[in-house]
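Per-entry structural report
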Amino acid sequence: MSRPLPVRLLDPATSRDLMGLATVEVRDDFAVLVGFEPLPESPSPALSTPVFWLLPGLIDLHVHFREPGGEASETIATGLAAARAGGFATVVTMPNTNPPVDTPDGVRRQRAGSSGYPRILPSACCTVGRAGRVVAPLAALREAGAVAFTDDGAMVADDAVMEAVLREAARLGLVVMDHAVVPTIARDGVVRDGPAARAHALPLFPDEAEVAAVERDLRLAEKTGARIHLQHLSCRGSVEAVRRAKARGVRATCEATPHHLLLASEDIPGDDADWKMNPPLGTRADVAALREAVLDGTIDCFATDHAPHMAALKAPGFVGGAFGVVGLETAVGATLQAMVVEAGMAPLDWAARWTTAPARTLGIAPPRLEPGAPVCLVRPGPWTPQASDLRSRSHNSPMLGRTLWGRPVRPGTRPPSSCRAADSCRR
Ligand SMILES: [Zn+2]
């Protein structure tokens, strides 16, 4: 039995934010809570209080493991190792593998990739072959274990097909997640305006490509009564559309990624495809709008859009390089830096966006900090991730070498400095 650790416990399901002594053990390679004793009359501690933070194991609604078809960039096993290192107990895998996950067998293979934690909850395609033309066998996919439907990487661009998907998903009680980018508007756009875009004459991505898709999805969700989840919102116009729709009762949720919340197009250092993703980084004004939307609840969840690509696929630079960045290991540090350190979000609210909020989007039980539950243990304070910190098979990340705040750690790791003994936290 390991010794109790002084911790700041953050449990959104029970609205608890308090100091205490927790016993955490590694079982089957994942940290679980054994027991917790609150310290008497402990107020909400200061951000700088040097104790570990203890949260329920996180949920990531949006990861790309490249198996089958792209194992040189990521396998299910290396993706799960990255998830474990990032504090994630649950990941929703995207179906844009090769072949895509559009059959019950495909769904079952994704689920079988994990036993215990991190667990895989697979999503499945909305349309056959992710081609956007024929609705996939959604009932059979759900029966096989799919928890959501999405053609992520591509929007379901045909309105009639999307409406049919939404009606069937609503009947089945599952959410539809859309990669809301209209391809005929985005065309070859790869970046938003900024010094790097100008220096290298890179084709610009118009906001309208995302905003028009978001508005279309919200309109169809309103018409059908189905639940829509908008993936990786990146600009002011999108969050304004979602805010208006939520106010009139549309059943919409949405996510923002760590990179869209922390980084802006003005930060892009050059023609470096480790900064290329779809949709691209917003401008500083967009980042401010996204943060405001997280704070007021318009944006419900954080999700990484962890998108590994081996170096050869990124080598061509912005034009020709693959879209996407890895994000599982740096998700905690990047969102704490962006939202808690820079935007002043309460740590308990931050924790909710990685736990109870994504659970609500999926319609699964919210994770709770109770004995036996998987946990995420965070060492607060500055952390500068290096490539050697990543467990993912790919290292395409704009977060490397950047100072983030907070790092998931395994039990048994050295406690934050000046908190070596439980006594120091008892005062
Ligand atoms: Zn996407």
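Check the entry above for the structure.
Residues numbered from 1 in each chain as written. Predicted model: local features only at pLDDT ≥ 70, side-chain atom pairs only at ≥ 80, totals over all residues. Heavy atoms only, no water.

Quick notes on the coordination of the zinc ion
For the zinc ion, the full set of protein donor atoms is Asp152 (OD), His179 (ND1) and His232 (NE2), and the range of their distances to it is 2.0 to 2.2 Å. In primary-sequence terms, the residues that donate to the zinc ion follow D-x26-H-x52-H. With His179 in the loop between strand E9 (175–178) and helix H5 (183–186) and His232 in the loop between strand E10 (228–230) and helix H8 (236–247), this pair connects stretches of sequence that are 53 residues apart. The pair His179 / His232 is uniform in exposure class, with both members buried. (Donors = N, O, S within 2.8 Å, 3.2 Å for Na, K, Ca; no water. Helix = DSSP H or I, 4+ residues; strand = E, 2+ residues; numbered from the N terminus. Buried < 20%, exposed > 50% of the residue type's maximum accessible area, 1.4 Å probe, protein only.)

Some points on the pairing of strand E1 (residues 5–11)
Along E1, 7 of the 7 residues are buried, which leaves the element largely enclosed by surrounding structure. Across 7 bridges, the pairing between E1 and strand E2 (residues 16–27) is antiparallel. Looking at the pairing, Pro6 lines up with Leu21 of E2. Between the antiparallel neighbours E1 and E2 lie 4 residues, among them Ser15 with a positive phi of about 55 degrees. Bridging between E1 and strand E4 (residues 52–56) involves 3 bridges; their strand directions are parallel. By the bridge assignment, Arg8 is partnered in E4 with Trp53. (Pairing = 2+ DSSP bridges.)

Examining the sheet that holds strand E3 (residues 30–38)
The 6 strands are arranged E3-E2-E1-E4-E13-E14 in an open sheet whose pairing can be described as mixed. Strands at the two margins of the open sheet, each flanked by one partner only, are E3 and strand E14 (404–409). The sheet shows a mean angle of 45 degrees between the axes of neighbouring strands, taken without regard to direction. The sheet contact formed by E2 and E3 spans 8 bridges and is antiparallel. Note on E3: the bridge partner recorded for Val24 is Leu33. Packed on one face of the sheet, helix H12 (residues 331–342) meets E4, strand E13 (375–383) and E14 and runs near 140 degrees to E14. (Axes fitted to C-alpha atoms, helices over the stretch in contact; angles between N-to-C directions. Contact = heavy atoms within 4.5 Å.)

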